[in-house]
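# An overview of the molecular structure
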Amino acid sequence: MKKPGKAAMLLHEAKESEDPEEKERLGKEARSYIMSRIRGKDTSPELLVRSWVREAGYRYRLNDRRFPGSPDIYVPRLRLAIFVNGCFWHLHECQSTKVPSGASPYWLMKLERNKERDRWNYKKLDEMGIRVLVVWECELRTKSLREKTMEAFLSSLKEMDALAEGKQNEVI
Ligand SMILES: [Zn+2]
């Protein structure tokens, strides 16, 4: 299922607003957001993380619906579910998460619900004996952040791999 994007939210806010100046500002913000998304298409966070997993030599499945939350990437060998989360939609407590002031209660509730659902999914996965790794969009924002995140990510995979040794028959 495709989530309504941040742009959709901004456009919605712009439409609802009764203040012409705010309407204009929100509309502009929505357009520049869409532009930035298009420009960044080839380097989407998910593709980037997927390439790390591939580079490290693991097979993976995408959006496997058998698991809670349909993890973006699932690595059978490590029993590992990887989520690449947009900070806005998953209400990451970081500087990248700026809910527009004056956002309607409807949207705030929607975002809160996303976060609740994440928590529930991670808990369920844990109960199934599946590890969860979350990579946040803000951790990939600059080249140096991407390098740092990749290093940490790959070393976590290596650690998990050491633990997975001898358990390969359990792979699902
Ligand atoms: Zn973040």
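Rules and cut-offs
- Residues numbered from 1 in each chain as written.
- Predicted model: local features only at pLDDT ≥ 70, side-chain atom pairs only at ≥ 80, totals over all residues.
- Helix = DSSP H or I, 4+ residues; strand = E, 2+ residues; numbered from the N terminus.
- Buried ≥ 20, exposed ≤ 12 C-beta atoms within 10 Å, placed from the backbone.
- Pairing = 2+ DSSP bridges.
- Expected span 1.5 Å × (residues − 1).
- Core = buried A, V, L, I, M, F, W, Y, C linked by C-beta atoms within 7 Å.
- Contact = placed C-beta atoms within 7 Å.
- Arc of directions from axis to C-beta.

### Here we look at the overall build of the protein
Counting secondary structure elements, the protein contains five helices and four strands. Looking at the 172 residues of the protein, the share that counts as buried comes to 16%.

### Points about the pairing of strand 3 (residues 80-85)
The element strand 3 is extensively covered by neighbouring structure, given that six of its six residues are classed as buried. Residue alternation in strand 3 divides its side chains into two sets, Leu80, Ile82 and Val84 and Ala81, Phe83 and Asn85, and both sets are buried. Relative to strand 3, strand 2 (residues 73-75) is paired through three bridges, and the arrangement is antiparallel. In the sheet register, Val75 faces strand 3, and the bridge partner there is Leu80. Where strand 2 folds back onto strand 3 in an antiparallel hairpin, the turn is made up of four residues, including Arg79, whose phi is positive at roughly 45°. Across six bridges, strand 3 lies against strand 4 (residues 131-136) in parallel orientation. Across the sheet, the residue bridging to Val84 is Val135, located in strand 4.

### Some words on the sheet that holds strand 3
Strand pairs in the sheet, formed through backbone hydrogen bonds, run parallel or antiparallel to each other. An order of 1-2-3-4 is seen for the four strands of this open sheet, with the pairing classed as mixed. Bordering the open sheet on either side are strand 1 (61-62) and strand 4, each of which pairs with just one other strand.

### Considering helix 5 (residues 143-164)
Under the 1.5 Å per step criterion, the end-to-end length of helix 5 is 31 Å for 22 residues, consistent within 8% with the ideal 32 Å. Along helix 5, only two of the 22 residues are buried, which leaves the element largely exposed.

### Observations regarding the nonpolar core
Ranked by internal contacts, the top residues of the largest apolar core, which has 14 residues, are Val49, Ile73, Val75, Leu80, Ala81, Ile82 and Val84. Put simply, the parts of the chain that give this core at least two residues each are helix 3 (45-55), strand 2 and strand 3. Examining the composition of this core, we find that five residues originate from one element, strand 3, more than from any other. Beyond its immediate chain neighbours, meaning those up to four positions away, Val84 contacts Pro45, Glu46, Val49, Asp72 and Val135.

### Observations concerning unusual backbone geometry
Note on backbone geometry: most residues besides glycine have negative phi, and most peptide bonds are trans. For Asn63, which is not glycine, the phi dihedral falls at a positive 45°. By the element assignment, Asn63 lies in the loop between strand 1 and strand 2.

### Comments concerning helix 3
Along an α-helix, a turn takes 3.6 residues, which lines up residues three or four apart on a common side. The complete set of buried residues in helix 3 reads Pro45, Val49 and Val53. The buried residues of helix 3 occupy one face: seen down the axis, they fall within an arc of 75°. Across helix 3 from its buried face, at more than 90 degrees, point the exposed residues Leu47, Ser51, Arg54 and Glu55. On its buried face, helix 3 is in contact with strand 2, strand 3 and strand 4. Backbone geometry just downstream of helix 3 places Gly57 in the positive-phi region, at approximately 90°.

### Some remarks on the environment of Arg59
Considering the arrangement of structural elements, one finds Arg59 in the loop between helix 3 and strand 1. The spatial distance from the C-alpha of Arg59 to the C-alpha of Leu78 is 10.0 Å, given a sequence separation of 19 residues.

### Quick notes on the environment of Leu125
Inspection of the secondary structure assignment puts Leu125 in helix 4 (residues 105-127). Linking Leu125 and Ala81, residues 44 residues apart in sequence, is a C-alpha distance of 8.1 Å. Here Leu125 is in contact with Phe67, Pro68, Ala81, Ile130 and Val132, once residues within four sequence places are set aside.

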